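This is what each chain is made of:
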Amino acid sequence: QVQLMESGGGSVPTGGSLRLSCAVSGRTSILYCMGWFRQTPGKEREKVASIGGSGGTSYADSVKGRFTISKDSAKNTLYLQMNSLKPEDTATYYCSAGDSWFCSPAWERYWGQGTQVTVSS
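## Description of the packing of aromatic side chains
- The tally for this structure, following the rule as stated, stands at three aromatic pairs.
- Taken together through their ring pairs, the aromatic side chains of Phe37, Trp107 and Trp111 make up a single cluster.
- Cation over ring: arginine 45 sits above tyrosine 94, and NZ or CZ is 4.2 Å from the ring centre.

Spelled out as structure tokens, the structure:
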């Protein structure tokens, strides 16, 4: 019913930038809260940023001021602009979506396959 596919990952040097995209297909009209998560082997999946139905955003402290989440409803695409990248940002990044207007706990319902981001030191 809903499919998400990430793209835009790659390898960049410290201080570089990347823009991740998440193409959403299916019943997009039921989706309100959307966000980006990342995971490194041996660590729990971490919420990076989210955007609610009203457009309100939330960011992890570790990425505030460097990452920006946005969405283009007309193109059914979610974005994550990542600037001033650090080696600590290296991870597999996943996009997720759900039907919670306010991004209430456990809003994540649909997930993409992930895209790898590697930041060299």
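## So, the sheet that holds strand S1 (residues 2-7)
- One open sheet holds the four strands; their spatial order is S1-S3-S8-S7, and the pairing between them is antiparallel. The sheet terminates laterally at S1 and strand S7 (67-72), the two strands that pair on one side only. Adjacent strand axes in the sheet meet at a mean angle of 15°, parallel and antiparallel pairs treated alike.
- As judged from the six bridges shared by strand S3 (residues 18-26) and strand S8 (residues 77-82), these two strands associate in the antiparallel manner.

## Section: the pairing of S3
- Strand direction decides the pairing type here: S1 and S3, joined by six bridges, are antiparallel. Bridge assignment links glutamate 6 to a residue of S3, and that residue is cysteine 22.

## Considering the state of the cysteines
- Per the counting criterion, the structure on display carries two disulfides.
- Linked covalently through their sulfurs, cysteine 22 and cysteine 95 form a disulfide whose S-S length is 2.1 Å. An S-S torsion of about 60° defines the bridge between cysteine 22 and cysteine 95 as right-handed. Here cysteine 95 lies in strand S9 (residues 91-98) and cysteine 22 lies in strand S3, a separation of 73 residues in the sequence.
- Bridging cysteine 33 to cysteine 103, the disulfide has an S-S length of 2.0 Å. Disulfide cysteine 33-cysteine 103: torsion about the S-S bond near 110°, hence right-handed. Of this pair, cysteine 33 sits in strand S4 (residues 33-39) while cysteine 103 sits in the loop between S9 and strand S10 (110-111); the two residues are 70 residues apart in sequence, bridging distant segments of the chain. For the pair cysteine 33 and cysteine 103, a shared accessibility class is recorded, and that class is buried.
- What connects to what in the protein, once the bonded cysteines are numbered by sequence position, is 1-3, 2-4.

Calculation rules
- Residues numbered from 1 in each chain as written.
- Predicted model: local features only at pLDDT ≥ 70, side-chain atom pairs only at ≥ 80, totals over all residues.
- Heavy atoms only, no water.
- Phe/Tyr/Trp six-rings, centres within 6.5 Å; stacked < 30°, edge-to-face > 60°.
- Lys NZ or Arg CZ within 6 Å of the ring centre and 35° of its normal.
- Pairing = 2+ DSSP bridges.
- Helix = DSSP H or I, 4+ residues; strand = E, 2+ residues; numbered from the N terminus.
- Axes fitted to C-alpha atoms, helices over the stretch in contact; angles between N-to-C directions.
- Disulfide = S-S within 2.5 Å.
- Buried < 20%, exposed > 50% of the residue type's maximum accessible area, 1.4 Å probe, protein only.

Take it as geometry only, folks, not as evidence of what the structure does.
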